[in-house]
Amino acid sequence: MTAIVRREEQLWSRCAGCASLLYRKRLRRNLDVCPECGEHARLGAPERLRQLVDPGSLRPLSDLLPEADPIDFVDVLPYPHRLTAARASTGLAEAVVCATATIGGHPVALAVMDFRFLGGSLGCAVGELITRTAERALDDRIPLVLVTASGGARMQEGALSLMQMATVSQAIAALREAGLLTVSVLTDPTYGGVAASFATNTDLVLAESGARMGFAGPRVIRQVTGRALPEGFQTADFLLRHGQVDMVVQRRSLRGRLVALLAATRAGRAARADHPPVPRQEPASRRERLADDDAALTRPADPAAAVAPSPTPGAVQTPTVRDAWDTVRMARHPARPTTLDYLDSVFDGFVELHGDRLGGDCPAIVGGVARLAGRHVMVIGHQKGHTTAELVARNFGMASPAGHRKALRLMRLAARLSLPVVTLVDTPGADPGVSAEEQGQAAAIAENILTLTVLPTPVLAVITGEGGSGGALALAVADRVLMLENAVYSVISPEGCAAILWPDRSAAPQAARALRLTAPDLCRLGVVDEVVPEPSAAAHDDPAETAHRLRAALLANLLPLLDVPPAMLVRLRRQRFRRFGTTRGVNRAGVR
Ligand SMILES: [Zn+2]
């Protein structure tokens, strides 16, 4: 009897849209789109690939990576148990399947995410596999197609998963520079760190019918704003109306659209090929390139040594060990110095520049030119405040898309003027609001991350207070990343992490410990290069001494960067963020 019921279940399935009972074979023939109401059911990566690529053309890329639990994360279950369960239930090695194939005869490299695998979350392995796929596209000079489905960065890998946003973005930047097309196809759902990086910083963004995309999820926004969300919020049609996607495509037309777009770009390349070709160096294998760069890093007389880890003279390397949750509270202390305080105490002659030139000036981001020990620099930072009124006026340091675009404008201006960029990071995260989503928050963050990976001027970032997820990373892709002793830097707030992985929010202190978000932890993981010690009390008890120490650390780290040629800076910066994959960089013990 049970067997018959189970068999019946396999034959029929109920539509999530209209509740019609549908014959599974008929549904599959209709590409898993309900023939009654048009609901697009979610697809696993293997089925998606089958629908998109030419029969017989699929060549899977290796998904073999060493087992990784880079921060030994445990919530109610150890992370490796969750990974094992995901592998067993999906038959996949990770939350992405990568391949080369042809689509309508056009060769492409593809990375297709699978939401069934831990919510399609972006961890080190997923970042590494997508990056390799982009590198394969670059080596083969073919377009890259990404099909996204993800809840965001993978909490269980802490800030290392946040770094993947930069790693994949710089691979996309390399394709942009090479004139190779990148396309992302947003499928339901695409959120968080994936939305705020490779889902939106590609040349073309297609949204499948029924897909929802955004940086902050609807539940979070409802909780924070206490208001009902607009009809159709974050749906494909909403995204189209707000100028965030090129088109909304029905699943049955998706392959055809891709073929047309790939054909158009191939035609462009063919036209260019009529001109005498620019001789291109045979692409070195990635291993050779990395070996080269390793040599550059260790060669003492090389200017690249400026980017290699070197402690600030006089800096104390063994800061007080404090519980992670106490550090979180310290980092959020209202009396803690803000960016404007540091602009007054660490820098001279600050001239603030306003506006994104697109219609807004976000008070949560301040920036402008200033002098550091007589040298001109561009300083950009999040601004909080000390009083409730100041905090409200500054939106608690949570930048809007206009803020990210102002920062982007100032970064590019700095590069044009050959000014080094110093960023001061202190934000709970990006703005979880309706209008921020309407104005393309995810794409704004994604563009900043990508731009910083290739900005041809020195970039020095300091996490001064809270380094909250993608909002922080949008200012923290740098040649050197410093962190004040009592600052924190995390892929998600401990409260947010506790709400998702523990039975309730009261587990925030445990989540804070599990996330490895303190300066000493992140220094060990290589996410941060140097801890700037605070006075024995804390930054807010002795702001003058904190400023003095920060100034010394900034100078010690910035001056060597000034002698490095821009092209080499960019190469080494890319390499810094390329190391956070699972095969290199951090091993299980978290030691480089
Ligand atoms: Zn239906």
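The rules we used
- Residues numbered from 1 in each chain as written.
- Predicted model: local features only at pLDDT ≥ 70, side-chain atom pairs only at ≥ 80, totals over all residues.
- Heavy atoms only, no water.
- Helix = DSSP H or I, 4+ residues; strand = E, 2+ residues; numbered from the N terminus.
- Contact = heavy atoms within 4.5 Å.
- Salt bridge = Lys/Arg side-chain N within 4 Å of Asp/Glu carboxyl O.
- Buried < 20%, exposed > 50% of the residue type's maximum accessible area, 1.4 Å probe, protein only.
- Expected span 1.5 Å × (residues − 1).
- Core = buried A, V, L, I, M, F, W, Y, C linked by side-chain atoms within 4.5 Å.
- Pairing = 2+ DSSP bridges.
- Patch = residues over 30% accessible without salt bridge, like charges linked within 9 Å, V, L, I, M, F, W, Y side chains within 5 Å.
- Areas by Shrake-Rupley, 256 points an atom, 1.4 Å probe, with all protein chains shown as cover.
- Axes fitted to C-alpha atoms, helices over the stretch in contact; angles between N-to-C directions.
- Parallel < 35°, antiparallel > 145°, perpendicular 65-115°, else oblique.
- Left-handed = near helix turned anticlockwise from the far one by under 90°.
- Nonpolar A, V, L, I, M, F, W, Y, C, P; charged D, E, K, R; others polar.
- Donors = N, O, S within 2.8 Å, 3.2 Å for Na, K, Ca; no water.
- Phe/Tyr/Trp six-rings, centres within 6.5 Å; stacked < 30°, edge-to-face > 60°.
- Lys NZ or Arg CZ within 6 Å of the ring centre and 35° of its normal.
- Lys, Arg positive; Asp, Glu negative; His and termini not counted.
- Polar contact = N/O pair within 3.5 Å; in protein donor to acceptor, adjacent residues only side chain to side chain.

### Overview of the overall build of the chain
On a plain count of helices and strands, the chain comes out with 23 helices and 18 strands. Taking all contacts inside the chain whose residues are at least 6 apart in sequence as the whole, residues at least 24 apart take part in 74%.

### Some remarks on the pattern of salt bridges
Pairs may arise between side chains of opposite charge once their charged atoms sit close together. For the structure on display, the rule yields 34 salt bridges. The salt bridge partner of Arg176 is Glu447, with a shortest N-O separation of 3.1 Å. One end of the pair, Arg176, is in helix H6 (residues 158-177); the other, Glu447, is in helix H17 (residues 441-453), with 271 residues separating them in the sequence. Among the residues examined, Arg176 registers a relative accessible area of 33% and is labelled partly exposed. Given a relative accessible area of 19%, Glu447 falls into the buried group. Salt bridges sharing common partners tie together Arg24, Arg28, Asp32, Glu47 and Arg50.

### A look at H17
For H17, spanning 13 residues, the distance from its first C-alpha to its last is 19 Å, which sits close to the expected 18 Å at 1.5 Å a residue. Most of H17 is tucked away, with 12 of its 13 residues classed as buried.

### A word on the nonpolar core
With 169 residues, the main nonpolar core has Phe347, Tyr489 and Val527 as its most contacted residues. Sort the elements by how many residues they give to this core and H6 lands first, with 11 residues.

### Let's talk about the pairing of strand S15 (residues 459-468)
Of all 10 residues that make up S15, 10 are buried, and the element is covered over most of its length. Two strands pair when backbone bridges link them, and strand S14 (residues 421-427) and S15 are joined in this way by six bridges, in the parallel orientation. Bridge pairing links Thr423 to Ala461 in S15. Bridge count for S15 against strand S16 (residues 480-484) is four bridges, and the pairing is parallel. Bridge assignment links Leu460 to a residue of S16, and that residue is Arg480. Bridging between S15 and strand S17 (residues 488-490) involves three bridges; their strand directions are parallel. Paired with Glu466 across the bridge in S17 is Val488.

### A short note on the environment of Gly349
Summarising the element assignment, Gly349 is placed in strand S11 (residues 348-352). Sequence separation between Gly349 and Leu372 is 23 residues; the distance between their C-alpha atoms is 9.1 Å. Those residues within four positions of Gly349 in sequence are excluded, and the remaining contacts are Val369, Ala370 and Arg371.

### Topic: a nonpolar patch on the surface
On the surface, Trp12, Leu21 and Tyr23 cluster together into a nonpolar patch covering about 290 Å² of accessible area. With respect to the helices and strands, Tyr23 occurs in strand S2 (residues 21-23). Residue Tyr23 is classed as partly exposed on the basis of its relative accessible area of 33%.

### What about the packing of helix H15 (residues 401-416) against H17?
Axis angle and axis distance: for two packed helices, these are the angle between their axes and the distance between the axes, and together they describe the pair. Axis separation between H15 and H17 bottoms out at 9 Å; the angle between their running directions is 20 degrees. In terms of orientation, H15 lies roughly parallel with respect to H17. Crossing angle aside, the handedness with which H15 passes H17 is left-handed. Residues Pro401, His404, Arg405, Ala407, Leu408, Met411 and Arg412 of H15 touch H17, and the partners they reach there are Gln441, Ala444, Ile445, Glu447, Asn448, Thr451 and Leu452. Its residues placed into classes, the contact of H15 with H17 shows seven nonpolar, four polar and three charged.

### With respect to the coordination of the zinc ion
For the zinc ion, the full set of protein donor atoms is Cys15 (SG), Cys18 (SG), Cys34 (SG) and Cys37 (SG), and the range of their distances to it is 2.3 Å. In primary-sequence terms, the residues that donate to the zinc ion follow C-x2-C-x15-C-x2-C. Classification of Cys34 as buried rests on a relative accessible area of 4%. Assessed through its relative accessible area of 38%, Cys37 is described here as partly exposed.

### Topic: helix H5 (residues 124-140)
Its 17 residues place the ends of H5 24 Å apart at the C-alpha level, agreeing with the 24 Å of an ideal helix rising 1.5 Å per residue. The buried fraction of H5 is high, at 12 of 17 residues. Taken from the residues just after H5, Arg141 is the one with a positive phi, measuring 55 degrees.

### Some words on the packing of H6 against H17
The interhelical angle for the contact between H6 and H17, taken along N-to-C directions, is 70 degrees, at an axis separation of 8 Å. As far as their axial angle goes, H17 and H6 are roughly perpendicular. Within the contact between the two elements, H6 uses Met165, Ala166, Ser169, Gln170, Ile172, Ala173 and Arg176 and H17 uses Glu447, Ile449, Leu450 and Thr453. In terms of residue class, the contact of H6 with H17 is built from six nonpolar, three polar and two charged.

### So, the packing of aromatic side chains
This structure, assessed with the given rule, holds four aromatic pairs. On the numbers, 6.0 Å between centres and 65 degrees between planes, the contact of Phe577 with Phe580 is edge-to-face. We note that Phe577, like Phe580, is buried. Over the ring of Phe115 we find Arg42; its NZ or CZ atom is 4.8 Å from the centre of that ring. The side chain of Arg576 reaches across the aromatic face of Phe577, ending 5.0 Å from its centre.

### Concerning the side chain of Glu485
Mapped onto the fold, Glu485 is located in the loop between S16 and S17. One buried charged residue, Glu485, remains without a salt bridge, the closest side chain of opposite sign being Arg322 at 4.7 Å. A polar contact is formed between the side chain of Glu485 and the backbone nitrogen of Glu534, at a distance of 2.8 Å.

### Side note on the environment of Val528
Looking at the secondary structure, you find Val528 in the loop between helix H21 (519-525) and strand S18 (530-532). Spatially, the C-alpha atom of Val528 lies 9.6 Å from that of Ala461, the residues being 67 residues apart in sequence.

### Let's talk about the pairing of S14
Counting buried positions over the seven residues of S14 gives seven, a clear majority of the element. With burial as the criterion, each face of S14 is covered, one bearing Val421, Thr423, Val425 and Thr427 and the other bearing Val422, Leu424 and Asp426. Across four bridges, strand S13 (residues 375-382) lies against S14 in parallel orientation. Among the inter-strand pairings, Val379 is bridged to a residue of S14, identified as Val422.

### Some details on unusual backbone geometry
Cis geometry is adopted by the peptide bond preceding Pro189, which originates at Asp188 and carries an omega value of -15 degrees. Locating Pro189 in the fold gives a position in strand S7 (residues 182-191). Backbone geometry at Asp72 places phi at a positive 50 degrees, although glycine is not the residue there. Residue placement: Asp72 occurs in the loop between strand S3 (59-60) and helix H4 (79-90).

Worth remembering: the numbers are spatial, not functional.
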